[in-house]
Amino acid sequence: AQSVSQHNHHVILSEAASLELGCNYSYGGTVNLFWYVQYPGQHLQLLLKYFSGDPLVKGIKGFEAEFIKSKFSFNLRKPSVQWSDTAEYFCAVNAPGGYNKLIFGAGTRLAVHP
Amino acid sequence: DGGITQSPKYLFRKEGQNVTLSCEQNLNHDAMYWYRQDPGQGLRLIYYSQIVNDFQKGDIAEGYSVSREKKESFPLTVTSAQKNPTAFYLCASSDVQGRDTGELFFGEGSRLTVL
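Residues numbered from 1 in each chain as written. Chains lettered and ligands numbered in written order. Predicted model: local features only at pLDDT ≥ 70, side-chain atom pairs only at ≥ 80, totals over all residues. Heavy atoms only, no water.

**Points about the state of the cysteines**
Note on terminology: a disulfide is the covalent bond linking the sulfur atoms of two cysteines. Residue and element names in this part refer to chain A. Evaluated as defined, the whole model comprises two disulfides over all chains. Residue Cys 23 pairs covalently with Cys 91 via a disulfide, S to S 1.9 Å. Judged by the torsion about the S-S bond (-70°), the Cys 23/Cys 91 disulfide is left-handed. Here Cys 23 is found in strand S4 (residues 23-26), whereas its partner Cys 91 is found in strand S10 (residues 87-94), with 68 residues between them in sequence. A relative accessible area of 0% means that Cys 23 is categorised as buried. A relative accessible area of 0% places Cys 91 in the buried class. (Disulfide = S-S within 2.5 Å. Helix = DSSP H or I, 4+ residues; strand = E, 2+ residues; numbered from the N terminus. Buried < 20%, exposed > 50% of the residue type's maximum accessible area, 1.4 Å probe, protein only.)

Dropping the structure here:
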């Protein structure tokens, strides 16, 4: 069965610090990979996704993620975080043909202090 | 505005009672999903439905039931058989039409507390 591991459950940063959130998945075939974000009091929403092509994917609000197939990883990065990035971040995987039936990681709660 | 509406937002129930959570979408999406969110465990799939009158069990379907009589609606019943029902429940939909886009649109969630 597929699974998704997120290494950090809680991350605390100061504004302007760089961010990297780890995500590893377990599935040997072709996968689609996603990062979702849940801002306080808001709906869970798509941040970025990887289907194929360039393994460096850019999303909204300056976020990017790199797919490294050999490491089964899809880490999320942002060079300089802002207070407004405080949120919970979820990595997810979907095997093609799965009708968007996503498997989510446990989530990483990010707190950015001014 | 188009979106997903879940109700109620907060719900309290006594042990042994069934409770039904409502999920309605006006996005004209084919597929709908129910996830359960627990602290430190992320989102786990309860049930999903790709088309009307069809649904499949997810990873943690025991103690839950669903129906999909209309495209817009996908209610979830938490039965008394669910051992640990206190949780945050999220409904989602996606525009499948034979494609995998991975983009799920989520509702605001329903927080169920069993007393």
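**With respect to the sheet that holds strand S8 (residues 76-78) of chain B**
All names here are of chain B. Spatial ordering of the open sheet is given by S1-S3-S8-S7, a layout of four strands whose pairing is antiparallel. Bordering the open sheet on either side are strand S1 (4-7) and strand S7 (64-66), each of which pairs with just one other strand. Each strand of the sheet is rotated relative to its neighbour by a mean of 20°, with strand direction disregarded. Looking at chain direction, S7 and S8 are connected through three bridges and run antiparallel. Residue pairing across strands places Tyr 64 opposite Val 78, the latter belonging to S8. (Pairing = 2+ DSSP bridges. Axes fitted to C-alpha atoms, helices over the stretch in contact; angles between N-to-C directions.)

**A word on the interface of chain B and chain A**
Quoted interface sizes are often the accessible area lost when the parts come together. Each partner contributes to the interface: chain B provides 23 residues, whereas chain A provides 24 residues. Interface area for chain B against chain A, summed over the two sides, is near 1,900 Å², with a carbon-plus-sulfur share of 53%. Between chain B and chain A we count zero salt bridges in total. Applying the counting criterion to the chain B and chain A interface returns five residue pairs in polar contact (both at pLDDT 80 or more). (Contact = heavy atoms within 4.5 Å. Buried area = accessible area lost by both parts, 1.4 Å probe. Salt bridge = Lys/Arg side-chain N within 4 Å of Asp/Glu carboxyl O. Polar contact = N/O pair within 3.5 Å; in protein donor to acceptor, adjacent residues only side chain to side chain.)

**With respect to the pairing of strand S2 (residues 10-14) of chain A**
Residues and elements named next belong to chain A. Across the two faces of S2 the burial differs, with Val 11 and Leu 13 buried and His 10, Ile 12 and Ser 14 not buried at all. Of the pairings in the sheet, the one linking S2 to strand S12 (residues 108-113) comprises five bridges and is parallel in character. What sits directly across from His 10, in S12, is Arg 109.

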